[in-house]
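Analysis of the macromolecular model
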Amino acid sequence: MLSKLVLVFCQLILTISCTLISTPNGDILGYSSNKTDIYLGIRYGQIPARWTAAQLTQPWNGTYNATGLGAICHQYGPFQLPGPSNENEDCLFLNIWVPKPTTTTANVLLPVRVWLHGGGYTAGRSDDYDSENLAYLSQSIIVTLNYRLGIFGFFPLPTVVDRNLGWLDQQLALKWIQANIESFGGDKTNVLLFGESARGGSSIAHLIIESSRPLYSSIILESAGPYRLPICVEKEKVNWQFLQQSFPECQSNLTCYQNLDASVFYPKFSMHWISLWPCVGEQSQLLEQPLTLLRKGQFNRQANILAGFNANEGQSPTFIFNGNNMTITSDRYFDLAEQYEVPSELTHRYDPTTTDKNYFNAVSWLLGDYYLNCPIIYVLNHTAAYSSASIYAYRFLHPTINWAFTPLNFNATHLSEIPFVFQNQFALTQLTPEEIKLSSTMIELFTQFHKSKQPWSTFQPNQTMILFDLEKISFQNGFDETLIERCSHVLKYIDPTDCHGFSTQTECLSIANCQWINEHCEPSSSFSFLSK
């Protein structure tokens, strides 16, 4: 009776109709548009205390109102949006878009896509990604979610067991989806993880983390890295020192730090924001660097993977990291490279002082190659070498016509493909009719991938990829030779135990299980990760 009263009340108050469903957790009230049923701000997890693993939300009595967005997790760093926002540590909410059925999808469980937002692990929110068009065009259920960030999500401490709480939050959301998505008409056996940048890096983590593997069946990696991550035991010492120096009144008492108001941390935080990225090593979910584990074949080999990157990934991050400024001097070039922990050898290799002196362009290629372009090439090569599933590669080449970066005349850069993947207005994008056609084609091909159909030729090491551009969609056999050459210098820094990354005999022989053969560094013949 109560549910019926709530539904009637909703219809009286709102100009759009409401929808009510029953789940194992309880009844949930959402609302309907022309294309989808929408459920916003559903709590999936509860946090017992700061810096502890969250727990699945408990069933509730009555009806859960899912017609408004939940709080977002605390924001920090260059990707946080200006202006006031509803930030809270109690932020583990997700949003669901369920497409109105067509004649072919009525009474059929729908595929499920789970979007992990980006923002450098310190910023971002689920509500930036309107998924109505994507849900309807793909006839898939779309889920977006919040997870803890920065000091609250990726801040290891020596007295705390759990590491990378943001990753654990994501995994918890996937468990909630497994338990509840059938109530929304979703197929829990066909869950696709997808994300861009840090969100793609998180998807790579779940590709590796064994306990995450039963929770999804395929992955899309958009400009995903993976980055070289800091070591947990090193980070926890620095983090603990920060707490001791910043809050002496707590006298090194963890409970006291946990009870401080959330607003007091970032004003006293002076370390660079990338120090708040996930960590690897002892007590982490990843014992080694992500790329190292992929090279060793320690990932979900049954998951289909689609991965790619954009024409010039580094342009938009360089602009943002430089304070929304296009002017970069020689001194600023080296300063940015140092801030973002780029090895000095690479910094000097990309230095344009003796060429065109275009320092902005140099930083964009330096950061783009080190953090995005080169890592994703090796991800594709490693996964293709081991996987029993299908691997696909793409490059996105079209420079968006009307969006936030239009005045800067950027190429297809970091973030560019997102509004095409969702067919939405992310980053103030206004797609033209021709761009909508490109977006619809991408959605159709990505949907074929999600349904385990073959959208284009599968990828083999350094082989076939699809090129998305406005004029035409074409194919390319292998990566550009100039990019491969640049990446050969990057490899040893992003995977420090890969023999192929070392070009001198001295370097090669200093690495365990490497040998110098015919002027090349190769793995020892007795040392192979390939399964027989």
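Residues numbered from 1 in each chain as written. Predicted model: local features only at pLDDT ≥ 70, side-chain atom pairs only at ≥ 80, totals over all residues. Heavy atoms only, no water.

1. Comments concerning the overall build of the chain
- Counting its regular elements, the chain contains 16 helices and 17 strands.
- A compact globule built from 532 residues would reach a C-alpha radius of gyration of about 24 Å, and the chain, at 23 Å, matches this within 12%.
- With respect to the principal axes defined by its C-alpha atoms, the chain has extents near 80 × 65 × 55 Å.
- The burial tally for the chain puts 58% of its 532 residues in the buried class.
- Partitioning the contacts of the chain with sequence separation of at least 6, the portion at a separation of at least 24 is 72%.
- Of the roughly 21700 Å² that the chain leaves accessible, carbon and sulfur atoms contribute 51%.
- Distance between charge centroids for the chain: 5 Å, based on 31 positive and 45 negative side chains. (Helix = DSSP H or I, 4+ residues; strand = E, 2+ residues; numbered from the N terminus. Rg over C-alpha atoms; globule rule 2.2 N^0.38 Å. Buried < 20%, exposed > 50% of the residue type's maximum accessible area, 1.4 Å probe, protein only. Contact = heavy atoms within 4.5 Å. Areas by Shrake-Rupley, 256 points an atom, 1.4 Å probe, with all protein chains shown as cover. Lys, Arg positive; Asp, Glu negative; His and termini not counted. Charge placed at Lys NZ, Arg CZ, Asp CG, Glu CD.)

2. So, the pairing of strand E10 (residues 186-196)
- Within E10, nine of the 11 residues are buried, leaving the element largely enclosed by the surrounding structure.
- Bridge analysis of strand E8 (residues 110-116) against E10 gives six bridges, and the strand direction is parallel. Bridged to Arg-113 within E10 is Leu-192.
- Of the pairings in the sheet, the one linking E10 to strand E11 (residues 218-222) comprises five bridges and is parallel in character. Note that in E11 the partner of Glu-196 across the bridge is Glu-222.
- Crossover E10 to E11 through helix H5 (residues 198-208) is right-handed. (Pairing = 2+ DSSP bridges. Right-handed = clockwise from strand over helix to strand, strands pointing away.)

3. Here we look at helix H6 (residues 232-246)
- The end-to-end C-alpha distance of H6, which contains 15 residues, comes to 21 Å, matching closely the 21 Å that a straight helix rising 1.5 Å per residue would cover.
- Along H6, the residues that are buried comprise Cys-232, Lys-235, Glu-236, Asn-239, Trp-240, Phe-242, Leu-243 and Ser-246. One side of H6 carries all its buried residues, which in axial view fall inside an arc of 155°. Along H6, the residues that are exposed and aim more than 90 degrees away from the buried face are Glu-234, Lys-237 and Gln-245.
- Where H6 is buried, its residues contact helix H3 (150-153) and helix H7 (254-259). (Expected span 1.5 Å × (residues − 1). Arc of directions from axis to C-beta.)

4. Section: the environment of Pro-158
- With respect to the helices and strands, the residue Pro-158 is situated in the loop between H3 and helix H4 (165-180).
- On a C-alpha basis, the gap between Pro-158 and Gln-302 in space is 35 Å, while along the polypeptide they are 144 residues apart.
- Apart from the residues lying within four places of it in its own chain, the contact partners of Pro-158 are Glu-236 and Trp-240.

5. Some words on the side chain of Ser-32
- Among the structural elements, Ser-32 can be located in strand E2 (residues 26-32).
- The exposure class of Ser-32 is buried, given its relative accessible area of 11%.
- Reaching out from Ser-32, the side chain makes a polar contact with the side chain of Asp-37 at a distance of 2.6 Å. (Polar contact = N/O pair within 3.5 Å; in protein donor to acceptor, adjacent residues only side chain to side chain.)

6. A word on the pattern of salt bridges
- Scanning the entire structure with this criterion turns up 15 salt bridges.
- Asp-128 is paired through a salt bridge with Arg-125; the nearest N and O atoms lie 3.9 Å apart.
- On the basis of relative accessible area, Asp-128 is assigned to the partly exposed category, the value being 26%.
- Here Arg-125 falls in the buried class, since its relative accessible area comes to 12%.
- If you follow the salt bridges from partner to partner, you end up with Glu-345, Arg-349, Lys-492 and Glu-507 in one network. (Salt bridge = Lys/Arg side-chain N within 4 Å of Asp/Glu carboxyl O.)

7. A word on the side chain of Asn-146
- Within the element layout of this structure, Asn-146 appears in the loop between strand E9 (141-145) and H3.
- Among the polar contacts made by the side chain of Asn-146, one reaches the main-chain carbonyl oxygen of Cys-91 at a distance of 3.4 Å.
- Polar contacts involving the side chain of Asn-146 include one to the main-chain amide nitrogen of Ser-126, which spans 2.9 Å.
- For Asn-146, the residues in contact, after removing those within four places along its chain, are Tyr-44, Ala-71, Ile-72, Cys-73, Cys-91, Leu-92, Phe-93, His-117, Arg-125 and Ser-126.

8. Quick notes on the nonpolar core
- Counting residues in each nonpolar core, the largest one holds 161 residues, and the members touching the most others are Trp-51, Ile-96, Val-114, Ile-151, Phe-184, Leu-243 and Phe-468.
- Sorting elements by how many residues they give to this core places helix H12 (residues 359-386) first, with 17 residues.
- With residues up to four places along the chain from it excluded, the contact list for Val-114 reads Val-143, Leu-145, Leu-174, Ile-177, Val-191, Leu-192, Leu-193 and Phe-194.
- One finds Cys-499, Phe-502, Cys-508 and Trp-516 within the second-largest nonpolar core, a separate group that totals seven residues. (Core = buried A, V, L, I, M, F, W, Y, C linked by side-chain atoms within 4.5 Å.)

9. Let's talk about the state of the cysteines
- Applying the stated rule across the entire model yields six disulfides.
- Through a disulfide, Cys-232 is tied to Cys-279; the S-S separation comes to 2.1 Å. Given an S-S torsion of about 90°, the disulfide between Cys-232 and Cys-279 has right-handed geometry. A residue pair is termed long-range when its members are at least 10 positions apart, and Cys-232 in helix H6 and Cys-279 in the loop between H7 and helix H8 (290-295) qualify at 47 residues. Of the two residues, Cys-232 and Cys-279, neither departs from the other in class, the shared state being buried.
- Cys-374 shares a disulfide with Cys-487; S-S distance 2.1 Å. Across the S-S bond of Cys-374 and Cys-487 the torsion is about -85°, and the bridge reads as left-handed. Taken together, the positions of Cys-374 in helix H12 and Cys-487 in helix H15 (residues 481-494) put the pair 113 residues apart, joining distant regions of the chain. Judged on exposure class, the residue Cys-374 and its partner Cys-487 are both buried. (Disulfide = S-S within 2.5 Å.)

10. Focus: the environment of Ser-503
- With respect to the helices and strands, Ser-503 occurs in the loop between H15 and helix H16 (505-509).
- On the basis of relative accessible area, Ser-503 is assigned to the exposed category, the value being 57%.
- Remark: the alpha-carbon pair of Ser-503 and Thr-458, spanning 45 residues in sequence, is separated by 31 Å.

11. Considering the packing of aromatic side chains
- Taken as a whole, this structure holds 51 aromatic pairs when the rule is applied.
- Ring plane angle 15° and centroid distance 4.3 Å describe the contact between Phe-321 and Tyr-340, whose orientation is recorded as stacked. Separated by 19 residues along the polypeptide, Phe-321 in helix H9 (residues 315-321) and Tyr-340 in the loop between helix H10 (330-339) and helix H11 (344-350) bring together distant segments of the chain. Of the two residues examined, Phe-321 and Tyr-340, each falls in the buried class.
- Linked through ring pairs, Phe-79, Tyr-121, Phe-154, Trp-167, Tyr-227, Trp-273, Trp-277, Phe-321, Tyr-340, Tyr-370 and Tyr-371 together constitute an aromatic cluster.
- Just above the ring of Trp-51 sits the side chain of Arg-50; from NZ or CZ to the centre is 5.8 Å. (Phe/Tyr/Trp six-rings, centres within 6.5 Å; stacked < 30°, edge-to-face > 60°. Lys NZ or Arg CZ within 6 Å of the ring centre and 35° of its normal.)

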